[in-house]
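# Reading the structure
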Amino acid sequence: MHTPRLCIDGRAAAEFESQGLVAQELIDQLVAAQGCPHAGSEWVEKRRTVLLSHPSQVFSGQLKRFDTKRRIGSSFFYSAWEKHFVESSSITAFHRFRPADRMEPFLDCPTITTVLPAYRSLGATLPPVPENHSFVVPSQHDAVLLHEHCNISESQIRVVLPSARRYVHFADLNRPSYDGQILFLTDGGRELDLRRLQHVVSGQYPQLPLRTLHFNEVREFSAKQWMKTLQFSFLVFYLTERAFDWPFLALEALYFSVPVVFMDRHSALAELLPLSPLRLSQYLTDFISASQLRESVDLARTHLADQGVLQQHHQALNYTRLYAEIPGAPTFAEV
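In this report, we go over the structure that sits alongside the text. Counting restarts for each chain: residues are numbered from 1 in the order of the written sequence. This being a predicted model, a pLDDT of at least 70 is required before a residue's local features are given, and a value of 80 or more before pairs of side-chain atoms are given or counted; all residues contribute to the totals for chains, interfaces and linings. The side-chain figures draw on all heavy atoms in the structure; neither hydrogens nor water molecules are used.

## Focus on the nonpolar core
- If you look at the biggest cluster of nonpolar residues, it comprises 94 residues, and the most contacted ones within it are L185, F237, F256 and Y323.
- Beyond its immediate sequence surroundings of up to four residues, Y323 is in contact with L6, I8, L26, L30, S41, W43, H95, I112 and A329.
- Here, the term nonpolar core denotes a set of buried Ala, Val, Leu, Ile, Met, Phe, Trp, Tyr and Cys residues that are joined through side-chain atoms within 4.5 Å. When accessible area is computed with a 1.4 Å probe and restricted to protein chains, residues below 20% of their type maximum are described as buried, those above 50% as exposed, and intermediate ones as partly exposed. Ranked by size, the runner-up nonpolar core spans 15 residues in total, among them V115, L126, I152 and I157. Contacts between residues were defined by any pair of non-hydrogen atoms, one from each residue, lying within 4.5 Å.

The following block contains the structure:
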């Protein structure tokens, strides 16, 4: 019997806009969590993890790598390549990060799929999903959507709350004495008239410059660059309602006490912060003052901390539990 091996596909960090960074963060957290109670994974600590990556990618630690220039796809030829890779590499289990409209192929081995926002739409119902596959989503609403639209059994869907990236615990955000800019993060969706919103906000804060970033501008969201942006931001608007959106950028801003106004139907943020005055509809109705924004941020930060999403190894802890359920998972009791 071959030694059990878990393969984590980290290529998403280089391919799927800012959302792909959740793959980078999990891998870095798993390496950093080695030796931490409950957060450290036996798969990593017993060197039974293989990282599928592009040659140019940089990850923490010294995980065994399989580098390929092949990009994640949805064609028949890509499906054949992925299945051949898993079979020929004697992979016991596979963890991948995939947009909701690119979740095939379904492999023979136990597979965990972290679901990311769809490129276009969820599309047609998926073919029957093997029982040894599980899917990870950031909210209960997303779990219901995946079950109802994609016909995936509820027992195969896990909700893992999104979190801020680990770097926030080792960084100081030195805010300037002046108010700075107002930042709009957008996916370019049609749900919102961005120009109209900016006109309203500029009328409320005429002295502050406005800046817009799109989620596909990945370089803007590296830890270093994102901290620099937040340092000079007075207020952030997180403008997306995409299903399966992992709002780590919004959570990081709140961690550093930067107010974040989010759309009412953003599944994960609405569930993490129910009835929050930071919802866009309430902001536009009540025109929250600067002092009220600060109060709202303090309340939101406390509420998020109580739910554990601001802790240092939040993602590693949750996925370590999922990995431990894989048949053949190593344990510290093994010799």
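So much for the structure itself; the text now carries on.
## Quick word on the environment of T49
- A run of H or I in DSSP counts as a helix once it spans at least four residues, and a run of E counts as a strand once it spans at least two, with each numbered from the N terminus. Tracing the backbone through its elements, the reader meets T49 in strand β2 (residues 49-53).
- Overall, the relative accessible area of 4% leaves T49 in the buried class.
- Setting aside chain neighbours within four positions, we find T49 in contact with L6, I8, W43, V44, L63 and K64.
- In protein, a polar contact requires one atom able to donate a hydrogen and another able to accept it; more generally it is a pair of N or O atoms within 3.5 Å, and residues adjacent in sequence count only if both atoms are side-chain atoms. Reaching out from T49, the side chain makes a polar contact with the backbone oxygen of W43 at a distance of 3.0 Å.

## Description of unusual backbone geometry
- A cis geometry characterises the amide bond from E104 onward to P105, with omega recorded as 10 degrees.
- Looking at the element boundaries, P105 is found in the loop between β4 (93-99) and β5 (111-116).
- The phi dihedral of N151 is positive, around 60 degrees, even though this residue is not glycine.
- One can find N151 in the loop between α5 (140-150) and β7 (157-159).
- N151 sits in the exposed class, given a relative accessible area of 58%.
- Even without glycine at this site, F244 takes up a positive phi of about 65 degrees.
- As for its position among the elements, F244 is in the loop between β10 (233-239) and α8 (248-255).

## Quick look at the state of the cysteines
- What counts as a disulfide here is a pair of cysteine sulfur atoms lying within 2.5 Å. As enumerated under the stated definition, the model contains 0 disulfides in all.
- Here C7 is not disulfide-linked; the sulfur of C109 is the nearest cysteine sulfur, at 8.8 Å.
- The class of C109 is buried, set by a relative accessible area of 9%.

## A closer look at the packing of aromatic side chains
- Only Phe, Tyr and Trp rings take part, Trp by its six-membered ring, and two of them pair if their centres are within 6.5 Å. Stacked means planes under 30 degrees apart, edge-to-face means over 60, and tilted covers everything else. A full pass over the atoms with the stated rule returns 13 aromatic pairs.
- Between Y205 and F234, the ring centres sit 5.1 Å apart and the planes meet at 65 degrees, which makes this aromatic pair edge-to-face. With Y205 in the loop between α6 (194-204) and β9 (210-214) and F234 in strand β10, the pair connects residues that are 29 residues apart, well separated along the chain.
- Y205 gets classed as buried once you look at its relative accessible area, which sits at 8%.
- Classification of F234 by relative accessible area gives buried; the value is 10%.
- Within the aromatic cluster, the residues linked to one another by ring pairs are F66, Y78, W81, F85 and F94.
- The criterion is that NZ of a Lys, or CZ of an Arg, lies within 6 Å of the ring centre and within 35 degrees of the ring normal, and then a charge sits over that ring. Between the NZ or CZ atom of R102 and the centre of the ring of Y119, over which it lies, the distance is 4.1 Å.

## Topic: the pattern of salt bridges
- We count a salt bridge whenever a side-chain nitrogen from Lys or Arg sits within 4 Å of a carboxyl oxygen from Asp or Glu. Throughout the structure, instances matching the rule amount to 13 salt bridges.
- A salt bridge links R98 to D9; the nearest nitrogen and oxygen atoms lie 3.0 Å apart. With a gap of 89 residues between them, R98 in strand β4 and D9 in strand β1 (residues 6-9) connect regions that are remote in the sequence. Each of the two residues, R98 as well as D9, counts as buried.
- One continuous salt-bridge network, built from bridges that share partners, spans D9, R11, E82, R96 and R98.

## A few points about the packing of α8 against helix α11 (residues 290-306)
- Between N-to-C directions, angles span 0 to 180 degrees; the directions come from axes that are lines fitted to C-alpha atoms, helices contributing only their stretch in contact. Relative to each other, α8 and α11 sit at 115 degrees, their axes nearing to 9 Å. At the point where α8 passes α11, the crossing takes the left-handed sense. Counting all contacts with α8, which are made through L251, L254 and Y255, the residues of α11 involved are V297, R301 and L304.
- Split by residue class, the contact of α8 with α11 holds 5 nonpolar, no polar and 1 charged. Each crossing gets its hand from how the near helix is turned against the far one by less than a right angle, where anticlockwise is left-handed and clockwise is right-handed. For this classification, the nonpolar set comprises Ala, Val, Leu, Ile, Met, Phe, Trp, Tyr, Cys and Pro, the charged set comprises Asp, Glu, Lys and Arg, and every other residue, Gly included, is treated as polar.

## Some thoughts on helix α2 (residues 21-32)
- With 12 residues, α2 ought to run about 16 Å at 1.5 Å a step, and its terminal C-alpha atoms sit 16 Å apart, in line with that.
- Counting buried positions along α2 yields 11 of 12 residues, so the element is predominantly enclosed.
- Looking at α2, one finds that the buried residues are L21, V22, A23, Q24, E25, L26, I27, D28, Q29, L30 and V31. Given the number of residues in a helix, its expected span is that number minus one, multiplied by 1.5 Å.

## Some words on the pairing of β2
- Judged by how many residues are buried, β2 sits mostly within the fold: 5 of 5 residues are covered.
- Both β1 and β2 contribute to a ladder of 4 bridges, which runs parallel. Within the sheet, the bridge partner assigned to I8 lies in β2 and is L51.
- At least two DSSP bridges between two strands are needed for those strands to be called paired. As paired elements, β2 and strand β3 (residues 64-67) share 4 bridges and run parallel to each other.

## Focus: the pairing of strand β8 (residues 181-186)
- Of all 6 residues in β8, 6 are buried, a share of seventy percent or more.
- The side-chain alternation of β8 yields two buried faces, one formed by Q181, L183 and L185 and the other by I182, F184 and T186.
- Relative to β10, β8 runs parallel, the two being bridged by 6 bridges. Across the sheet, the residue bridging to Q181 is S233, located in β10.
- Here β8 runs beside β9; their pairing, made up of 5 bridges, is parallel. Bridge pairing in β9 links L185 to L213.

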